[in-house]
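Results of the structural survey
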Amino acid sequence: HPNEAAIVNVRCKRSEDRYIQVSISDTGQGIAPDQLDHLFEAFYTTKVDGIGMGLSICRSIVEAHGGRIWATNNHPRGASFTFTLSSFEETAID
């Protein structure tokens, strides 16, 4: 859909299990189904000039903070990248 404006949505919510969930969705062409399982692998790329480190680094950062990250296709088009992070409440120390 080359003449349509791209739409990107960012949503954040707190789940009941004390995690924050962030989801970034678009209305692009989506992700080829055979690529979904490999997106977060180091050195995996779909770009001619890519090195395949960006999403692998994202996964390492998210997991280091107690979360997880994944990608899904949207219906009828587009994709979503979602990650969770552990939430906490700051406590003042006297």
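All of these numbers come straight from a predicted model, not from anything done at the bench.

1. Describing the pairing of strand β2 (residues 19-26)
- Two strands pair when backbone bridges link them, and strand β1 (residues 8-14) and β2 are joined in this way by 7 bridges, in the antiparallel orientation. Counterpart to K13 in the pairing with β2 is Q21.
- Hairpin connection between β1 and β2: a loop of 4 residues separates the two successive antiparallel strands, and R18 in this loop has a positive phi of roughly 65°.
- Across 7 bridges, β2 lies against strand β4 (residues 79-86) in antiparallel orientation. Residue pairing across strands places I20 opposite L85, the latter belonging to β4.

2. Focus on the environment of S56
- Along the chain, S56 turns up in helix α1 (residues 54-64).
- Residue S56 is classed as buried on the basis of its relative accessible area of 7%.
- Sequence separation between S56 and H38 is 18 residues, and the spatial gap between their C-alpha atoms is 9.8 Å.
- In this structure S56 touches F40, E41 and A42, once residues within four positions along its chain are discounted.

3. So, the environment of R59
- Take R59: it is sitting in helix α1.
- For R59, a relative accessible area of 30% gives the class partly exposed.
- Each C-alpha atom of the pair R59 and F40 lies 6.6 Å from the other, and the pair is 19 residues apart in sequence.
- Every residue in contact with R59, bar those within four places of it in the chain, is listed here: F40 and I69.

4. Focus on the sheet that holds strand β3 (residues 69-73)
- Reading across the sheet, the 4 strands line up as β1-β2-β4-β3 and stay open at both edges, with antiparallel pairing between neighbours. Among the strands making up the open sheet, the edge pair consists of β1 and β3. Neighbour to neighbour, the strand axes of the sheet diverge by 15° on average, direction disregarded.
- The strands that α1 touches are β3 and β4; relative to β4, the one it contacts most, it runs at about 25°.

5. A short note on the side chain of T84
- Within the secondary structure, T84 sits in strand β4.
- Overall, the relative accessible area of 10% leaves T84 in the buried class.
- When neighbours within four sequence positions are excluded, T84 is seen to be in contact with Y19, I20, Q21, V62, G67, R68 and W70.

Reading the values: rules and limits
- Residues numbered from 1 in each chain as written.
- Predicted model: local features only at pLDDT ≥ 70, side-chain atom pairs only at ≥ 80, totals over all residues.
- Heavy atoms only, no water.
- Pairing = 2+ DSSP bridges.
- Helix = DSSP H or I, 4+ residues; strand = E, 2+ residues; numbered from the N terminus.
- Buried < 20%, exposed > 50% of the residue type's maximum accessible area, 1.4 Å probe, protein only.
- Contact = heavy atoms within 4.5 Å.
- Axes fitted to C-alpha atoms, helices over the stretch in contact; angles between N-to-C directions.

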